[in-house]
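A look at the structure
Each chain is listed here by its residues.
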Amino acid sequence: MTFRLVETGERRKKTMAGWDYETQAREKGYTAVCGCDEAGAGPLAGPVYAGAVILPFGVEIPGLDDSKKLTEKRREALFPVVQELALAWAVAKVDAEEIDRTDILSARMKAMQLAIDALEVPADFALVDGNRDHGKTAAVTTPHLCVVKGDSLSMSIAAASILAKVSRDHCMMEMAQVYPEYAFEKHKGYGTKLHYERLRAYGPSPIHRRSFLKNL
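Topic: the overall build of the chain
Looking only at helices and strands, one finds nine helices and five strands in the chain. Element order for the chain, N to C, with α for helix and β for strand: α-α-β-β-α-β-α-α-β-β-α-α-α-α. For the chain, the C-alpha radius of gyration of 18 Å lies close to 17 Å, the compact-globule estimate for 216 residues. Seen along its three principal axes, the alpha-carbon backbone of the chain occupies a region of about 60 × 35 × 30 Å. With 216 residues in all, the chain has 54% of them scored as buried. Long-range pairs, those at least 24 residues apart, make up 67% of the contacts in the chain with a sequence separation of at least 6. With an accessible surface of roughly 10500 Å², the chain has 52% of that area assigned to carbon and sulfur atoms. Of the side-chain charges in the chain, 29 are positive and 29 negative, and the distance between the mean point of each set is 5 Å.

So this is what it looks like as structure tokens:
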């Protein structure tokens, strides 16, 4: 089932900011609505992560927003808060090898569906950040709605974005210990000047995405 967001003044008077999409899903009869977002689509190295979160409807989490708009310190502070307050949460990943074997869009979709499937409270509807719900080899199969800029518009998606981003950052900090020559702790695998310098000096590591390095 699909629906569009009704953005009337009357509706906005009746709903909290950030809960419009969850409200309309509930009005359609869904009872366990999760937000879902991914992190790490663009880096040259490391997995792509996804988070899925079911929040108690209307819960207030001060400062919660799109993870990209927040400082690392703020994201780290919100991470355990989201975990504690959520009715259910899960994080999943797809590694670099599979990204190379398929494609990054498919890997993103697979990671999101894996996160949704891992929720201890099964979600009957998902609010998915972005405008895509399938790639060549994977898709979001839970009934869902794609929400462009959803991490700024939906509390549930914003919460998922925090879990995905912080979990991936933690992973890359661990990889910095395994492969210290690449300085992953500084750039988290993104294509910075420093990262390219280290790649030219040492070549790709086992966690680099070869399909992203064709012009190296």
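There's more to say after this.
Observations concerning the packing of aromatic side chains
By the definition in use, this model includes four aromatic pairs. Ring geometry for Trp 19 against Phe 57: centres 5.3 Å apart, planes inclined by 65 degrees, an arrangement best described as edge-to-face. Placement of the pair is Trp 19 in the loop between helix H1 (9–14) and helix H2 (20–27) and Phe 57 in the loop between strand E2 (48–54) and helix H3 (72–85), with a sequence separation of 38 residues. When its relative accessible area of 40% is taken as the criterion, Phe 57 is described as partly exposed. Clustering of aromatic rings is evident, with ring pairs tying together Tyr 182, Phe 184 and Tyr 202. Above the face of the Phe 212 ring, Arg 209 is positioned so that its terminal group lies 5.1 Å from the ring centre.

Focus on the confidence of the model for the chain
Taken as a whole, the chain shows an average pLDDT of 92; of its residues, 92% reach a score of 70 or greater. Scored below 50 in pLDDT, residues 1–17 shows 26 contacts in the model against residues more than four places distant or in partner chains.

A few points about the pairing of E2
For E2, the buried fraction is high: seven of the seven residues fall into the buried class. Bridging between E2 and strand E3 (residues 88–94) involves seven bridges; their strand directions are antiparallel. Counted as the bridge partner of Ala 52 is Ala 90 from E3.

Quick word on the packing of H3 against helix H7 (residues 155–178)
Helix packing for two helices is described by the angle between their axes and how far apart those axes are. Where H3 contacts H7, the axes come no closer than 9 Å and their chain directions differ by 120 degrees. As judged from the angle between their axes, H3 and H7 are oblique. For the pair H3 and H7, the crossing hand works out as left-handed. On H7, the residues that touch Arg 75, Glu 76, Leu 78, Phe 79, Val 82 and Gln 83 of H3 are Ala 159, Ile 162, Leu 163, Lys 165, Val 166, Ser 167, Asp 169 and His 170. A class-by-class count of the residues in the contact of H3 with H7 yields seven nonpolar, three polar and four charged.

What to know about the side chain of Thr 142
When you line up the elements, Thr 142 lands in the loop between strand E4 (125–129) and strand E5 (144–147). Among the polar contacts listed, one links the side chain of Thr 142 to the side chain of Gln 113, at a separation of 3.0 Å.

Looking at the sheet that holds E2
Here five strands make up an open sheet; going across it, the order is E3-E2-E1-E4-E5 and the pairing mixed. Each edge of the open sheet carries a strand with a single partner, namely E3 and E5. Along the sheet, successive strands turn relative to each other by an average axial angle of 20 degrees, direction set aside. Along the sheet, H2 contacts strand E1 (33–39), E4 and E5; its crossing angle with E4, the most-contacted strand, is approximately 155 degrees.

Describing unusual backbone geometry
Phi is mostly negative for residues that are not glycine, and the peptide bonds are mostly trans. Phi is positive for Lys 149, close to 55 degrees, though the residue is something other than glycine. Inspection of the secondary structure puts Lys 149 in the loop between E5 and helix H6 (150–153). Classification of Lys 149 as exposed rests on a relative accessible area of 63%.

Calculation rules
- Residues numbered from 1 in each chain as written.
- Predicted model: local features only at pLDDT ≥ 70, side-chain atom pairs only at ≥ 80, totals over all residues.
- Heavy atoms only, no water.
- Helix = DSSP H or I, 4+ residues; strand = E, 2+ residues; numbered from the N terminus.
- Rg over C-alpha atoms; globule rule 2.2 N^0.38 Å.
- Buried < 20%, exposed > 50% of the residue type's maximum accessible area, 1.4 Å probe, protein only.
- Contact = heavy atoms within 4.5 Å.
- Areas by Shrake-Rupley, 256 points an atom, 1.4 Å probe, with all protein chains shown as cover.
- Lys, Arg positive; Asp, Glu negative; His and termini not counted.
- Charge placed at Lys NZ, Arg CZ, Asp CG, Glu CD.
- Phe/Tyr/Trp six-rings, centres within 6.5 Å; stacked < 30°, edge-to-face > 60°.
- Lys NZ or Arg CZ within 6 Å of the ring centre and 35° of its normal.
- pLDDT = per-residue confidence, 0-100.
- Pairing = 2+ DSSP bridges.
- Axes fitted to C-alpha atoms, helices over the stretch in contact; angles between N-to-C directions.
- Parallel < 35°, antiparallel > 145°, perpendicular 65-115°, else oblique.
- Left-handed = near helix turned anticlockwise from the far one by under 90°.
- Nonpolar A, V, L, I, M, F, W, Y, C, P; charged D, E, K, R; others polar.
- Polar contact = N/O pair within 3.5 Å; in protein donor to acceptor, adjacent residues only side chain to side chain.

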